[in-house]
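Take a look at the letters that make up each chain.
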Amino acid sequence: MHSPRELLQRNDPELFAALVGEEERQATGIELIPSENYTYPEVLATLGSVFTNKYAEGYPGRRYYGGQTYTDAIERIARTRARRLFRCEHANVQPLSGAPMNAAVYLALLEPGDTVMGMDLSHGGHLTHGAPVSHMGKLFRWIRYKTDPEAEGRIDFDALRSSALAHRPKMIVCGYSSYPRDYDYGPFKSIADEVGALTLADVSHIGGLIAGGVLANPFDAGFDLVTTTTHKSLRGPRGGMILCRKEFRKAIDKSVFPGLQGGPHMNQVAATAVALGKALQPAFGDYCRQVLANALALARALLDGGADLVTGGTANHMMVVDCVRSFGLNGRVAEETLDAIAITCNKQVVPDDPNPPLRPSGIRLGTPAATTRGMLEPEMKALGTCMVEALRSPGDEESLGRLKARVQDLCASFPAPGVPG
Ligand code: DSN
């Protein structure tokens, strides 16, 4: 009897070689892209389980195919756990990932041409919050709000309110991909109430930190809907969830299926249930507290090394470093330089970036994955110091080689769960 892994190795050596290469890359380097994490071994096992084989169009108790005893069970478990974690009335756990998740909300509650407000992409918003290149950007009339450079890069609520009063949006979207501060839900809600707009918080990056009780929950401020991906700080499989008050339940469920998607990926739904079960355990709160403590330690090390951080630091695990201002490098060179010392990050536009997205001014960092490996503040300080040293002399091969050995030594002491070393 061969194990599934042995079968893959024997029958598809080319694919197997890529798998082993990726395992080695993940084991020997450190992941500082804020949207990535190392998921639980139990999630990996569930993703690779027989739930992959099953079609389950519909919802528990109302499916279009037979054989749904266990698919109904896992979807009910996932929905119940999501409701408990986020203290909400309804959860749809079928969105395949973040973009269809947000599209399903817009298509459920808006008409084409309706006005919506979302954060400008370069100020921290997401593609699905109305960037002109996205289909949703073309389908609706988006009004973009920004941060205020005079107020340390915080959201400019006075400008947001004036714009809302002028344009009367039907929905205001709060949520970001690269805004390093806590989201201040209160002002959004009161501005939305003033103009009669629905409120959506896309908390994809901080969903885990909300579930873990260390960041504010938008439902406590009276938000109507919350979306989150499941694979970032939540440590689950790739996927998305739509959480909402019960009056939106029917519209949201119809929009996800049959409106936008076909058969849900039941292996993903099962794995989401597993991750949500983990997030309900007290240890998850400890993990989230450490994610934030690690972010502060990494930010401190970078600032001490002369780095210029957008908004001056972080309050939500994420950091955006302006590499042009700090080190005279664009983000692409910075990303490649850190790659050379086994640190993975992503290049990132900064607010009103004069440079293009593939050669932007900054890089983006976050601490969920490093924290999953068990790294603490001293390791963050060590990584921050290595990064600054590398970014100061990106052409010094000898120094990069030395730094890479230091980072790899550190990683060897903190194995990534589920990643064969
Ligand atoms: N790609 C994810 C991120 O890195 O933020 C979300 O789109």
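Residues numbered from 1 in each chain as written. Predicted model: local features only at pLDDT ≥ 70, side-chain atom pairs only at ≥ 80, totals over all residues. Heavy atoms only, no water.

### Quick notes on the overall build of the chain
Check the secondary structure of the chain and you find 17 helices and 16 strands. Relative to the compact-globule value of 22 Å for 421 residues, the chain shows a C-alpha radius of gyration of 22 Å, a close match. Overall, the chain is about 65 × 60 × 40 Å in size when its C-alpha atoms are taken along their principal axes. Residues counted as buried form 57% of the 421 residues belonging to the chain. Accessible surface, the chain as shown: approximately 17,600 Å² in total, 54% of it carbon and sulfur. Taking the average place of the 44 positive charges on the side chains of the chain and the average place of its 46 negative ones, the gap between the two points comes to 7 Å. (Helix = DSSP H or I, 4+ residues; strand = E, 2+ residues; numbered from the N terminus. Rg over C-alpha atoms; globule rule 2.2 N^0.38 Å. Buried < 20%, exposed > 50% of the residue type's maximum accessible area, 1.4 Å probe, protein only. Areas by Shrake-Rupley, 256 points an atom, 1.4 Å probe, with all protein chains shown as cover. Lys, Arg positive; Asp, Glu negative; His and termini not counted. Charge placed at Lys NZ, Arg CZ, Asp CG, Glu CD.)

### Quick look at the site of the ligand
Around the ligand, the neighbouring residues are S35, H126, S177, H205, K232 and R364. Contact between the ligand and R364: an oxygen atom at 2.6 Å from a side-chain N or O atom of the residue. Within the complex, the protein chains bury 62% of what would otherwise be the 230 Å² of accessible surface of the ligand. (Near = heavy atom within 4 Å. Polar contact = N/O pair within 3.5 Å; in protein donor to acceptor, adjacent residues only side chain to side chain.)

### Thoughts on a nonpolar patch on the surface
A contiguous nonpolar surface patch, about 400 Å² in accessible area, is contributed by Y55, Y64 and Y65. When you line up the elements, Y55 lands in the loop between α3 (41-47) and β2 (58-59). (Patch = residues over 30% accessible without salt bridge, like charges linked within 9 Å, V, L, I, M, F, W, Y side chains within 5 Å. Salt bridge = Lys/Arg side-chain N within 4 Å of Asp/Glu carboxyl O.)

### Here we look at the packing of aromatic side chains
Taken as a whole, this structure holds 11 aromatic pairs when the rule is applied. With a centroid separation of 4.5 Å and 80° between ring planes, the pair formed by Y176 and Y183 is classed as edge-to-face. Neither Y176 nor Y183 differs from the other in exposure class; each is buried. Three or more aromatic residues joined by ring pairs form one cluster here, namely Y176, Y179, Y183, Y185 and F223. Above the plane of the ring of Y40 lies R235, whose end atom (NZ or CZ) is 3.8 Å from the centre. (Phe/Tyr/Trp six-rings, centres within 6.5 Å; stacked < 30°, edge-to-face > 60°. Lys NZ or Arg CZ within 6 Å of the ring centre and 35° of its normal.)

### Observations concerning the sheet that holds strand β16 (residues 362-366)
Strand order in this open sheet of three strands is β13-β16-β15, and the pairing throughout is antiparallel. Of all strands in the sheet, those bounded by a partner on one side alone are β13 (318-322) and β15 (346-348). Here the strands of the sheet are splayed against their neighbours by 40° on average, with no regard to which way each runs. Relative to the sheet, helix α14 (residues 331-339) contacts β15 and β16, its axis offset from that of β16 by approximately 45°. (Pairing = 2+ DSSP bridges. Axes fitted to C-alpha atoms, helices over the stretch in contact; angles between N-to-C directions. Contact = heavy atoms within 4.5 Å.)

### Let's talk about helix α7 (residues 157-167)
All buried positions along α7 are accounted for by F157, L160, S163 and A164. Relative to the axis of α7, the buried residues are bounded by an arc of 125° and lie together on one face. Of the exposed residues in α7, the ones pointing more than 90 degrees away from its buried face are D158 and A166. Those residues of α7 that are buried are in contact with β5 (115-119), β6 (141-145), β8 (154-155) and α8 (185-195). Put simply, D156 is the residue that caps the front of α7, since its side-chain oxygen is 3.3 Å from the backbone nitrogen of D158. (Arc of directions from axis to C-beta.)

### Quick notes on the nonpolar core
With 56 residues, the main nonpolar core has F86, Y145, I155, Y176, Y185, F188 and L243 as its most contacted residues. It is helix α11 (residues 266-279) that contributes the most residues to this core, eight residues altogether. A297, A334, I341 and A342 belong to the second largest nonpolar core, which has 42 residues in total. (Core = buried A, V, L, I, M, F, W, Y, C linked by side-chain atoms within 4.5 Å.)

### Examining the pattern of salt bridges
For the structure on display, the rule yields 20 salt bridges. Note that R63 is salt-bridged to D72, the shortest N-O span being 2.8 Å. On the basis of relative accessibility, which here comes to 15%, the residue R63 falls in the buried class. R154 is the partner of E152 in a salt bridge, and the nearest nitrogen-oxygen pair spans 3.7 Å. With a relative accessible area of 27%, R154 lands in the partly exposed category. Linked through salt bridges whose partners overlap, the residues forming this network are E22, R25 and E31.

### A word on the packing of helix α1 (residues 4-11) against helix α2 (residues 13-28)
Running from N to C, α1 and α2 cross one another at 125°; their axes reach a closest spacing of 6 Å. With respect to α2, the element α1 is oriented oblique. Two secondary-structure elements touch here, α1 through R5, L8, Q9, R10 and N11 and α2 through P13, L15, F16, L19, V20 and E23. Split by residue class, the contact of α1 with α2 holds six nonpolar, two polar and three charged. (Parallel < 35°, antiparallel > 145°, perpendicular 65-115°, else oblique. Nonpolar A, V, L, I, M, F, W, Y, C, P; charged D, E, K, R; others polar.)

### Things to note about the sheet that holds strand β12 (residues 240-244)
The strand order across the open sheet formed by seven strands is β4-β12-β11-β10-β9-β5-β6, and the pairing between neighbours is mixed. On the outer flanks of this sheet lie β4 (90-92) and β6, each paired with one strand and no other. Put simply, the sheet's adjacent strands are angled 20° from each other on average, direction ignored. By the bridge criterion, two bridges tie β5 to strand β9 (residues 171-174) in an arrangement that is parallel. What sits directly across from M117, in β9, is I172.

### Details of unusual backbone geometry
Between F257 and the following residue, P258, the backbone shows a cis peptide bond with an omega angle of 10°. Here P258 is to be found in helix α10 (residues 249-260). Despite not being glycine, R87 has its phi angle at roughly 50°, a positive value. Along the polypeptide, R87 turns up in the loop between α4 (69-86) and β4. Look at T311: it is not a glycine, yet its phi comes out positive at around 70°.

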